[in-house]
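So you can see what is in the structure, the chains are spelled out below.
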Amino acid sequence: MKFMVFMLPTIPASYEERERLRPIGRNVERMQQMLDEVREIAIYADGAGFDALSLTEHHFHSEGLEVSVAPIPFLADLAARTQRIKLATLVMALPAWDPIRLAEEIAMLDHLSRGRFIPGIGRGYQDRRVKVLGQHYAVEGAKSDGSESDRHNREVFEEIYTIMKMAWTEDSIAYKGKYYEIPSPYEEGIRGWPVAENWTARYGVPDELDADGTLRRICVVPKPYTQPHPPLWQAFSASDETIEWCAREDILCWSLASEPSIFRALCEAYRDASARHGHGRALGDNFGAFRMVYIGETYEEAFALGASALGDAFVRYFSGFGFFEGFRRPGETGSVPITFERMVEARFAIVGTIDEVKRQIAELCDDVNPQWFGWYLDQGLMDPVQLRRQLDRFANEIIPAFGD
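In what follows, the accompanying structure is described. Values in this document were obtained by computation on a predicted structure and should not be read as measured data.

**Here we look at the packing of aromatic side chains**
Turning to step 1, where the next piece is worked out: Applying the stated rule across the entire model yields 36 aromatic pairs.
Turning to step 2, where the next piece is worked out: With 5.5 Å between their ring centres and 80° between their planes, Phe3 and Phe394 make a pair best called edge-to-face. Highlighted residues: Phe3 in strand S1 (residues 2-7) and Phe394 in helix H14 (residues 384-402), separated in sequence by 391 residues.
Turning to step 3, where the next piece is worked out: Phe3 gets classed as buried once you look at its relative accessible area, which sits at 1%.
Turning to step 4, where the next piece is worked out: Each ring, one from Phe314 and one from Phe318, has its centre 5.0 Å from the other, and the planes form 35°; the classification is tilted.

**What about the packing of helix H4 (residues 99-112) against helix H6 (residues 148-169)?**
The description of two packed helices rests on the angle between their axes and on the distance between the axes.
Turning to step 1, where the next piece is worked out: Their axes nearest at 9 Å, the elements H4 and H6 cross at an angle of 50°. The orientation of H4 relative to H6 falls into the category oblique. In the packing of H4 onto H6, the handedness of the crossing is right-handed. Taking contact as the criterion, the partners of Pro99, Ile100, Leu102, Ala103, Ile106 and Ala107 in H4 are, on H6, Ile160, Ile163, Met164, Ala167 and Trp168.
Turning to step 2, where the next piece is worked out: Taken together, the residues of the contact of H4 with H6 break down into 11 nonpolar, no polar and no charged.

**Some points on the pattern of salt bridges**
Turning to step 1, where the next piece is worked out: Inspection of every chain in the model, using the stated rule, returns 36 salt bridges.
Turning to step 2, where the next piece is worked out: With its nearest N and O atoms 3.3 Å apart, the salt bridge here joins Asp36 to Arg39. One end of the pair is Asp36 and the other is Arg39, both in helix H2 (residues 28-48) and 3 residues apart, which spans about a single turn.
Turning to step 3, where the next piece is worked out: Judged by relative accessible area, which is 19%, Arg39 ranks as buried.
Turning to step 4, where the next piece is worked out: A cluster of three or more residues bridged by salt bridges with shared partners is formed by Asp36, Arg39, Asp77 and Arg81.

**Observations concerning unusual backbone geometry**
Turning to step 1, where the next piece is worked out: Of note, the bond from Leu90 into Val91 is cis; its omega dihedral lies within 30 degrees of zero at -5°.
Turning to step 2, where the next piece is worked out: For the bond running from Ile182 to Pro183, omega is -10°, close enough to zero to count as cis.
Turning to step 3, where the next piece is worked out: Structurally, Pro183 is set in the loop between strand S8 (181-182) and helix H7 (196-203).
Turning to step 4, where the next piece is worked out: Residue Phe60 is not a glycine yet carries a positive backbone phi of 70°.
Turning to step 5, where the next piece is worked out: The topology assignment puts Phe60 in the loop between strand S2 (52-55) and helix H3 (71-81).

The rules we used
- Residues numbered from 1 in each chain as written.
- Predicted model: local features only at pLDDT ≥ 70, side-chain atom pairs only at ≥ 80, totals over all residues.
- Heavy atoms only, no water.
- Phe/Tyr/Trp six-rings, centres within 6.5 Å; stacked < 30°, edge-to-face > 60°.
- Helix = DSSP H or I, 4+ residues; strand = E, 2+ residues; numbered from the N terminus.
- Buried < 20%, exposed > 50% of the residue type's maximum accessible area, 1.4 Å probe, protein only.
- Axes fitted to C-alpha atoms, helices over the stretch in contact; angles between N-to-C directions.
- Parallel < 35°, antiparallel > 145°, perpendicular 65-115°, else oblique.
- Left-handed = near helix turned anticlockwise from the far one by under 90°.
- Contact = heavy atoms within 4.5 Å.
- Nonpolar A, V, L, I, M, F, W, Y, C, P; charged D, E, K, R; others polar.
- Salt bridge = Lys/Arg side-chain N within 4 Å of Asp/Glu carboxyl O.

Following this line, the structure appears as structure tokens:
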């Protein structure tokens, strides 16, 4: 099993400070504090044996919970401070991006990190971000409900993904889709390129220009450092369509669903879809389990630690986006209890002594053996000294017992 630490990342503050300093997301001093905390965690994780570190991409979080507006330059900063750890995004919402611009930036970070970058992609579930940054596609946040807006989001997502892969793998590209065209205008091409004859015709890709000097194709540079392109990750809750698509593309899935029988069913669905598409992944292969972890001298101490940190924020914030559906028990009807207790019962939050935490991870390995274990870290919501103790114990007592 490989181990990842995952951060939102979060402006460090108590709830009282968030209210007093609102909008704390624009507080310069606290922003610097957050950057320093994440850097320290990255450097520690690099030396402690963690295999990857990932950040979200979110925008407009005035409340300070997910201030990760530019993960690619942030990860470039972390790449310069680390030696071996993989650096990932979970996730960049494709419908809020220009496909060419994102393909370029991913390829650039792939070079800067010499192959340590793993781009995580997704459809984007928060309207506050997607409806603003994806307005040129008239797109809304993904609902995974089969609605017209949800189908439109997926259609845009898949077209952007197609263009990105072309940009990485082909020396020149031309494309006319429903939402994007290359060049633009596609039928006319780009006329009047002033250096067509003396420059591009001599030094560019041979098929960029037609006989009249009109630009008919473009060359996206740089080519990725990793060939044919960096490995891709995608986070999801429980969408059958996403599992099928990821298996087809051989993309590693990270699931927020955690109830053991449901998580196993998702892993089985991915394995079966992988076989249908000719990849032949074993159960748990190319699949990751997101979990919170809280270690204490007693179960009660560990529970209290989680309930007062990210567990509290998860209940108050992420429940609004339907994440607790991932903690529904098989056959359960009605509303899912929105409590930290339910997160523990569903095994999303693994709490207890070292032996109790080891036992739950061992059960996960025995049942499914996912390739990756992702620790949803409490940066910004837990005292940094306490968080460092948690990291130390995990690195020294958990990773040696289960790591590859």
